[in-house]
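Chain and residue survey
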Amino acid sequence: MSRLDAKKVLVEDLNKIAQEAFSVIAVDYRGTNVPGLTQLRKEAKSQSVQLKVIKNTLAKRALENTKFDSLNGILTGPTLLAFSMNDFQSAAKLVKDFAAKEESFEVKGLSIGEGFLEPNELKALASLPSKEEAISMLLGLIQAPLNKLARTLNEVPSQLVRTVNAVSQTKS
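Residues numbered from 1 in each chain as written. Predicted model: local features only at pLDDT ≥ 70, side-chain atom pairs only at ≥ 80, totals over all residues. Heavy atoms only, no water.

**Observations concerning the packing of aromatic side chains**
Note the threshold: The pairing test for Phe, Tyr and Trp rings, Trp by its six-membered ring, is centres within 6.5 Å, and the orientation test on the planes gives stacked under 30 degrees, edge-to-face over 60, and tilted for anything in between. The cut-offs for exposure are 20% and 50% of the maximum accessible area for each residue type, with area from a 1.4 Å probe on protein chains only; residues under the lower value are buried, those over the upper are exposed, and the others partly exposed.
Across all of its chains, the model carries two aromatic pairs by this definition. On the basis of an interplanar angle of 80° and a centroid distance of 4.7 Å, the ring pair of Phe-98 and Phe-105 is categorised as edge-to-face. Assigned by exposure class, Phe-98 and Phe-105 land together as buried.

**Details of helix α4 (residues 90–101)**
Helical geometry note: an α-helix holds 3.6 residues per turn, so side chains three or four residues apart project in the same direction. Where we set the bar: To qualify as a helix, a DSSP run of H or I must reach at least 4 residues; to qualify as a strand, a run of E must reach at least 2; elements of each kind are numbered from the N terminus. Multiply 1.5 Å by the residue count of a helix minus one, and that product is the helix's expected span.
With twelve residues, α4 extends 17 Å between its outermost C-alpha atoms, agreeing within 8% with the 16 Å of an ideal straight helix rising 1.5 Å per residue. When α4 is considered as a whole, its buried residues turn out to be Ser-90, Ala-91, Ala-92, Leu-94, Val-95 and Phe-98.

**With respect to the confidence of the model for the protein**
Just so we agree on the cut-off: pLDDT measures how confident the predictor is about each residue, on a scale from 0 to 100.
When pLDDT is averaged along the protein, the result is 82, and 95% of the positions lie at 70 or above. When mean pLDDT is compared element by element in the protein, strand β3 (residues 80–84) scores highest at 89, while helix α5 (residues 122–126) scores lowest at 67.

**Observations regarding a positive patch on the surface**
Test applied: Grouping into patches uses exposed residues only, defined as over 30% relative accessible area, and leaves out salt-bridged ones; the cut-off is 9 Å for like charges and 5 Å for nonpolar side chains (Val, Leu, Ile, Met, Phe, Trp, Tyr). Throughout, the Shrake-Rupley method with a 1.4 Å probe supplies accessible areas, and for residues the shown protein chains are the sole cover considered. Salt bridge, as used here: a side-chain nitrogen of Lys or Arg that lies within 4 Å of a carboxyl oxygen of Asp or Glu. In this tally Asp and Glu are treated as negative and Lys and Arg as positive; neither His nor the chain ends contributes. The location of each charge is read from NZ of Lys, CZ of Arg, CG of Asp or CD of Glu.
Taken together, the side chains of Arg-3, Lys-7, Lys-55 and Arg-61 define a basic patch exposed on the protein surface. If you trace the backbone, Lys-7 turns up in helix α1 (residues 3–20).

**Points about the sheet that holds strand β2 (residues 49–53)**
Strands in a sheet are paired, the pairing made by backbone hydrogen bonds, and the direction either parallel or antiparallel. The criterion, for reference: Strands are labelled as partners when DSSP assigns at least two bridges between them. Geometry is summarised by axes, namely lines fitted to C-alpha atoms with helices restricted to the contacting stretch, and by angles between N-to-C directions that run from 0 to 180 degrees. Here, residues are in contact when the closest pair of their heavy atoms is within 4.5 Å.
Strand order in this open sheet of four strands is β2-β3-β1-β4, and the pairing throughout is antiparallel. A strand with exactly one partner marks an edge of an open sheet, and here the two such strands are β2 and β4 (106–111). This sheet shows a mean twist of 20° between the axes of neighbouring strands, independent of strand direction. With five bridges joining them, strand β1 (residues 23–28) and β3 adopt antiparallel strand pairing. Bridge pairing links Ile-25 to Ala-82 in β3. Sheet strands touched by α1: β2 and β3. Its angle to β3, the strand with the most contacts, is close to 40°. Sheet strands in contact with helix α2 (residues 34–46) are β2 and β3, and its direction is about 145° off that of β2.

Here it is as structure tokens:
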């Protein structure tokens with residue numbers, strides 16, 4: 001396999017990942033130590049986040065005609081791309097947590113499709129609830145009034161029983 005063929009395979013692989021991803025974050029990892037990056041890769045694997053370090057020219061070609069082509073302007077210098085494969089915020093949470101521990105880890109920008117977001121938007125994206133959390137919050141909101149209604153309806157017979165019991169106690 002020639003070098004050109006190897007580069008084409010890299011571009012195709014990255015393009016396929018970009019087509020399937022929900023969001024991507026571009027990070028300057030200069031100054032980050034190898035054990036730190038190894039730990040980041042382990043955490044990323046468990047959270048369905050794909051981390052890719054690839055030459056910027058190849059990354060630009062791979063992201064062309066995808067929803068993340070808005071990142072092409074910031075692909076300069078050493079860049080790590082974190083693709084979130086299951087939801088919009090898993091890569092953002094991972095990068096935010098790692099950047100808090102590692103000062104040299106600097107976010108260049110992110111995209112949740114069809115648009116570029118500034119690095120300061122990372123906190124907002126990372127704080128969003130996951131799909132499962134959002135569904136459970138919604139179900140809790142729906143369930144609360146029903147529980148209150150059931151308790152209210154149950155209170156009427158309970159109060160009647162207590163009243164009858166009190167009257168019987170006073171007569172005996």
